[in-house]
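Summary of structural features
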Amino acid sequence: MILPLANRRDKRTQVIWGIRDFELRFGHKPEGMWLPETAVDIETLEIVAENGIQFTILAPSQGRRFRPIDAGEWQDVSGGKIDPTMAYRLTLPSGRSMSLFFYDGPISRAVAFEGLLNDGESFANRVVGAFSEDRDWPQIVHVATDGESYGHHHRNGDMALAYALDYIESHNLARLTNYGEYLEMHPPTHEVEIFENTSWSCFHGIERWRMDCGCNAGADPAWNQAWRGPLRDALDWLRDTLAPAFQIAAASLVNRPWAARNDYIDVVLAGSAESIERFLSQHAARNFCEADKIRLLKLMELQRHTMLMYTSCGWFFDELSGIETVQVLQYAGRAVQLAQELFGGSIESQFLERVQSARSNITEHVDGRHIYEKWVKPAILDLTKVAAHYAISSVFDEYPQISSVFSYDVVQEDYQVSQAGRAKLTVGRARFTSRVTLESRKMSFGVLYMGDHNLNCGITDCEGEENCGSFAAELSEAFSRADFPESIRLMDRHFGVSTYSLTSLFRDAQRKVTDLILEPTIAEAKSAYGQIYEHHAVLIRFLQGSGIPIPRPLRAAAEFVLNERIRQALQKAPLDFQSIDALLEETRLAGATLEVTSLEFALRKSIEQVADRLLNDPENGELFRDLQTGVMLVDTMPFEVNLRSVQDICYKIMQNVYPAYQRMLDEGDERARQWVENIRRLAENLWITVA
C-alpha cells in the first residue's frame, strides 16, 4: 500500500500490522520500518513514530534541506545532493522525531541496473570507495534495492553480496553494522526536511499509483496508463462506501471496531482456531452465538481485503489486464462478495460502473468491468464451489473422511462409488467449513463421470439425510442399469441449475486431473511418434547430412522422441554417461533441436537428489561416485546446468563433516584418506575452493 495515498485509519492499521508481523517472526519490537516504495508524507511518519519506530530509509532525492541541529543555515540538497553517510533527525509537528537514512543512490543504481553484482570483489570495492577521508564523522555506507536483485534479476546476486560482505570484513576494510547500532553509537547531529508525497520509483512523486504520469515498465511505447486514476477512484469509492457499513455492523458485536481491526492481524498471522477464540474474547461486546462469530470474522475479512486491494504493484506496471492489477481486482472482488453477504444491496454493479472507466490498452480486454467479469468473478469462491471442487476431484483422488481443501475443512458423512466400464458415479454428503470465517454448510453432491472430459456434477444443501439418502439410492439404481440419460435427468431434478464440470476445479487440481485424463492419449501419441522415428531414422540422418531440409512431420517426430529419451535417461539413477552421450550424438546426427529448459531441469533435479542423499549419508562412497558422475556429465552437455543447490550442499558437507575427517587423516587414520580425496575432488569440480 502506498501510504501517502491511504487514509489515516488505513495507515495506522498497516503500521500496526507490520510491527506485529515483525514481532512474531523475530521475537522483539522493530526499531525501523521500510515504507513501501519509500513513499512518504508527514502524516505517515507521525503514525510510524507514534508506534515506537525510530528510523526509516529514504531515497536521496527525497531530502529537501538540512542543517546542524538547532543551529546554522539550512542548506538545499534537492536533486539527490544529500550526503548519505550519516543519519538525520526529522522533527515532526507533534514534537516527536524520526531518524532518517538516505541510501547511496549511485551504488544502489549500479547494483540494480548496472551489473555491479556480476563480481563480488568489485561490489566490495565500490562500497568501500564511498568512504571519504574528507568527512570528519563516523560514516555509514549503505544501499537499498529490491530483494529480487539478489538472484531473480541478477543470477547469483546473493552470492556476490555474501562474497562482498566477507571480503570487506576479512580484509578489515570497514566494520559491518546495522542502522539500529549505528544510531545508538552515533545519534544524528543534523536535522533534515523532506519532500512529501515522494517515492524512490516515480520521478513525479507518487503519481505512478494514481495517474498516467509517464512512469512505466516499458512494455509498449504506444500504451498509456490512463487507467490508473479510474481504478484508484473505484477502489476509493468501494473503501469509503463499505467503511460506514462496517462500523455500524461491527459496533453491534465489538466495543471498538477499528481497534478490533488492528488486532485482527494476530488471527491472520496465526491462522488457528485458538487465535480466533483469543480475538473474540478480547473484543466481543457480549456473548456470541455461532452466527455472531461468523459475521464478525466476515467483517474483519472485508476490511482486510479493502486494504489488500491497494497493493502497490497493481499500478506499477503498464497494463490494466496485467496479473498484478487483476490480483488487485480479485481482492476488491472478495470485498464485494463479503459486503453483499453481510449487507445485501447491489454494490457489485455500482463498483463495476466505476471500474468500467478504466480502459485497457488491449482491445480484447476492453476495460475494468470486462476484466473483472472475465477473470475475477469466475474465481470468487464460496462453500458451494469448494464442495464442487471436492466432489469432482474425489472421482480421481480419494479423500479420507476428514480432510482439508486449502483453507476449508471437510468432514465426509457419506460417500458411495459405482463404476461401469469407464463410467463412474460418486454420491455423497459432507460438511464444509471455512477456517477463516467459520462459515459451515452440509451439502450433498453427485458426480457422473463418463470418461475423458465428460463429467457432470451437482451440489445442493442437504437439509435432511433421508432425502439425500433416497436420491442416492435412486441415482445409483439408474447408473447400475447403465441408463446414463436417466442418471443425468435425476441429477438435474435433484440439483437443479447447480451443475459443475471439470472447469470448476481449482486451477492446480484442474491441471492434475487433466494430466490423468490425457495419460492414455499421450501414451498413444508417444507410441505413434516412436514408430515414425524408428521407421525413418536412417532417412532423417541422410537428409540432415546431405543438407536437404527434413520434412516437418519427420523433424517433429525426431525431436519429440529424442528429447523424451534424453529426458528419461537424465532422470534415471544412476546416470549413465555413455548412453546419454550416445543419445546426444544421435540428436546431432538427426538435426533435432534440444528442449534445453526441460532437459536442464531434469538433469539438475537428478543431481540435486543425489546431493541431498549424500548430505544425509556423507560416508556413502557410492553416492560420492554417482554425484561425481553427474557433475562431470554437466561439463559435456551442450547447455548450461545450474548447480547452485549442489554447490550449497557440498559447502555444507565441507563445513560440517570435512573438518572431522581431516583431523582423522592428520592423526594417521588412512581410512579417512579416500573420503577426503573424494570431497576435495567433488569440491574442485564444483568450483569450490578448499582451504
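Below is a summary of the structure that appears in this document. (Residues numbered from 1 in each chain as written. Predicted model: local features only at pLDDT ≥ 70, side-chain atom pairs only at ≥ 80, totals over all residues. Heavy atoms only, no water.)

**Considerations on the overall build of the chain**
Our working definition: Numbering of helices and strands runs from the N terminus; a helix is a DSSP stretch of H or I covering at least four residues, while a strand is a stretch of E covering at least two. Only protein chains enter the accessibility calculation, which uses a 1.4 Å probe. A residue is then buried if its area is under 20% of the maximum for its type, exposed if over 50%, and partly exposed in between. Contacts between residues were defined by any pair of non-hydrogen atoms, one from each residue, lying within 4.5 Å. Note on areas: Shrake-Rupley, 1.4 Å probe, and residue coverage restricted to the protein chains presented here. We count Lys and Arg on the positive side and Asp and Glu on the negative side, and we leave His and both chain ends out. Lysine's charge is taken at NZ, arginine's at CZ, aspartate's at CG and glutamate's at CD.
Counting secondary structure elements, the chain contains 26 helices and 12 strands. A total of 691 residues make up the chain; the buried ones form 47% of that total. In the chain, the share of contacts with a sequence separation of at least 24, taken over all contacts with a separation of at least 6, comes to 64%. A total accessible area of about 34500 Å² is found for the chain, and carbon and sulfur atoms account for 50% of it. With 70 positive and 97 negative side-chain charges, the chain shows a separation of 3 Å between the mean positions of the two kinds.

**Observations concerning the packing of aromatic side chains**
Keep this limit in mind: Side-chain rings of Phe, Tyr and Trp (the six-membered ring for Trp) are treated as a pair once their centres are within 6.5 Å; stacked means planes under 30 degrees apart, edge-to-face means over 60, and tilted covers the remaining angles. Two conditions define a charge located above a ring, namely a distance within 6 Å from the ring centre to NZ of Lys or CZ of Arg, and an angle within 35 degrees of the ring normal.
In the structure shown here, the tally under the stated rule is 25 aromatic pairs. Measuring from ring centre to ring centre gives 5.5 Å for Tyr390 and Phe432, while their planes differ by 80 degrees; the resulting arrangement is edge-to-face. Pair noted here: Tyr390 is in helix H16 (residues 383-396) and Phe432 is in strand S9 (residues 423-434), with a separation of 42 residues, a long-range link. Residue Tyr390 shares its accessibility class with Phe432, and that shared class is buried. An aromatic cluster is built from Tyr390, Tyr399, Tyr415, Phe432 and Phe445, whose rings are joined through pairwise contacts. The ring of Trp258 carries the charged tip of Arg9 above its face, separated from the ring centre by 3.8 Å. Lying across the ring of Trp237, Arg354 places its NZ or CZ 4.1 Å from the centre.

**So, the nonpolar core**
The cut-off we apply is this: In these notes, a set of buried Ala, Val, Leu, Ile, Met, Phe, Trp, Tyr and Cys residues joined through side-chain atoms within 4.5 Å is what counts as a nonpolar core.
Membership of the largest hydrophobic core comes to 99 residues, with the highest contact counts inside it found for Phe101, Ile194, Leu235, Leu238 and Phe351. The biggest single contributor to this core is helix H7 (residues 228-251), with 10 residues. With near-sequence residues (within four places) excluded, Leu238 lies in contact with Met309, Ala332, Ala335, Val336, Ile347 and Phe351. Counting 42 residues, the second-largest nonpolar core is a separate cluster that includes Ala602, Leu643, Trp675 and Val676.

**What about the pairing of strand S7 (residues 402-405)?**
Here is the key point about a regular strand: its side chains alternate between the two faces of the sheet. Here is the rule: The pairing criterion for strands is at least two bridges between them, as found by DSSP.
The two faces of S7 differ: Ser403 and Val405 on one face are buried, but Ile402 and Ser404 on the other face are not. By the bridge criterion, 4 bridges tie S7 to strand S8 (residues 408-420) in an arrangement that is antiparallel. Following the sheet pairing, Val405 is matched in S8 by Tyr408. In this antiparallel pair of consecutive strands, S7 and S8, the connection spans 2 residues, and Phe406 shows a positive phi of 55 degrees.

**Points about helix H4 (residues 120-128)**
The criterion, for reference: Along the arc lie the directions from the helix axis toward the C-beta atoms. In protein, a polar contact means a hydrogen-donor-capable atom and an acceptor-capable atom, both N or O and within 3.5 Å, with residues adjacent in sequence counting only if both atoms are side-chain atoms; elsewhere, any N or O pair within 3.5 Å suffices.
Taken together, the buried positions of H4 are occupied by Gly120, Phe123, Ala124 and Val127. Projection of H4 onto a plane perpendicular to its axis shows the buried side chains occupying an angular sector of 100 degrees, all on one side. Buried residues along H4 sit in contact with helix H3 (105-113) and helix H5 (157-170). Looking at where H4 begins, the residue whose side-chain oxygen comes 3.2 Å from the main-chain nitrogen of Glu121 is Asp119.

**Thoughts on the sheet that holds S8**
The condition that has to hold: To define axes, lines are fitted to C-alpha atoms, for helices over the stretch in contact only, and angles between the resulting N-to-C directions are given on a 0 to 180 degree scale.
Read across the sheet, 6 strands follow the order S7-S8-S9-S10-S11-S12 without closing on themselves; strand pairing throughout is antiparallel. Edge positions in the sheet fall to S7 and strand S12 (499-500), since each of these pairs with one other strand and no more. Sheet strands in contact with H16 are S7, S8, S9, strand S10 (440-449), strand S11 (455-461) and S12, and its direction is about 40 degrees off that of S10. Contacting S9, S10, S11 and S12, helix H18 (residues 484-495) runs over the sheet at an angle of about 160 degrees to S10.

**A look at unusual backbone geometry**
In the segment running from Ala573 into Pro574, the intervening peptide bond is cis, with an omega of -5 degrees. Locating Pro574 in the fold gives a position in the loop between helix H20 (552-571) and helix H21 (577-590). Residues other than glycine seldom take positive phi values, yet Thr38 does so here, at roughly 50 degrees. Secondary-structure assignment places Thr38 in the loop between helix H1 (8-26) and helix H2 (42-50).

**Considerations on the sheet that holds strand S3 (residues 75-76)**
Spatial strand order, S1-S5-S4-S6-S2-S3: 6 strands in an open sheet with mixed pairing. The strands lining the two open edges of the sheet, one partner per strand, are strand S1 (55-58) and S3.

**Re the pattern of salt bridges**
Spelled out, the test is: By convention in these notes, a salt bridge is any Lys or Arg side-chain nitrogen within 4 Å of a carboxyl oxygen on Asp or Glu.
One pass over the full model with this rule turns up 51 salt bridges. Here Lys377 makes a salt bridge to Glu348, at a shortest N to O gap of 2.8 Å. Remark: Glu348 occurs in helix H14 (residues 347-355) and Lys377 occurs in the loop between helix H15 (368-376) and H16; sequence separation between them is 29 residues.

**A word on a nonpolar patch on the surface**
What counts here: Grouping into patches uses exposed residues only, defined as over 30% relative accessible area, and leaves out salt-bridged ones; the cut-off is 9 Å for like charges and 5 Å for nonpolar side chains (Val, Leu, Ile, Met, Phe, Trp, Tyr).
A contiguous nonpolar surface patch, about 280 Å² in accessible area, is contributed by Leu539, Phe542 and Ile548. Among the structural elements, Ile548 can be located in the loop between helix H19 (507-546) and H20. With a relative accessible area of 39%, Ile548 lands in the partly exposed category.

**A few points about the packing of H19 against H21**
To keep it simple, the criterion reads: In what follows, roughly perpendicular refers to angles from 65 to 115 degrees, roughly parallel to angles under 35, roughly antiparallel to angles over 145, and oblique to any angle outside these ranges. Any residue that is not Ala, Val, Leu, Ile, Met, Phe, Trp, Tyr, Cys, Pro, Asp, Glu, Lys or Arg is counted as polar, Gly included; the first ten are nonpolar and the last four charged.
Across the interface, H19 lies against H21 with an axial gap of 8 Å and an inter-helix angle of 60 degrees. Judged by the angle between their axes, H19 and H21 are oblique. Residue-level contacts link Tyr533, Ile540, Arg541 and Gln544 of H19 to Glu586, Arg588, Leu589 and Ala590 of H21. Counted by class, the contact of H19 with H21 contains 4 nonpolar, 1 polar and 3 charged residues.

**What to know about the environment of Asn262**
Mapping Asn262 onto the fold places it in helix H8 (residues 257-263). In this structure Asn262 comes out as buried when scored by relative accessible area, which is 12%. Those residues within four positions of Asn262 in sequence are excluded, and the remaining contacts are Arg12, Thr13, Ile16, Trp17 and Arg20.

**Some words on the environment of Asp626**
Within the secondary structure, Asp626 is located in helix H23 (residues 621-636). Counting along the chain gives 616 residues from Asp626 to Asp10, while the straight-line C-alpha distance between them is 57 Å. Non-local contacts of Asp626, meaning those with residues more than four positions away in its chain, are made with Pro574 and Val610.

**Section: the side chain of Gln412**
Inspection of the secondary structure puts Gln412 in strand S8. Residues contacting Gln412, with those up to four places away along its chain left out, are Tyr390, Tyr399, Pro400, Gln401, Arg429 and Ala430.

**Let's talk about the packing of helix H24 (residues 644-656) against helix H26 (residues 671-685)**
The line we're drawing: Each crossing is labelled by how the near helix is turned from the far one, with a counterclockwise turn of less than a right angle marking it left-handed and a clockwise turn marking it right-handed.
It is at 10 Å that the axes of H24 and H26 come closest, and there the two elements cross at 145 degrees. Classified by chirality, the crossing of H26 by H24 is left-handed. Two secondary-structure elements touch here, H24 through Cys650, Ile653 and Met654 and H26 through Trp675, Ile679, Leu682 and Ala683.

**Here's the deal with H19**
This is how the line gets drawn: One fewer than the residue count of a helix, multiplied by 1.5 Å, yields its expected span. Two axes define the bend at a residue: one fitted to the seven residues ending there, one fitted to the seven starting there, and the bend is the angle between them.
For H19, spanning 40 residues, the distance from its first C-alpha to its last is only 48 Å, which falls clearly below the expected 58 Å at 1.5 Å a residue. Of all the bends in H19, the greatest measures close to 65 degrees and is centred on His536. Within the span of H19, buried status applies to Ala509, Gln510, Val513, Ile517, Gly530, Tyr533, Ala537, Ile540 and Leu543. If you follow the buried residues of H19, they end up packed against H16, S10, H20 and H21. In the segment just after H19, Gly547 is the residue with positive phi, at about 75 degrees.

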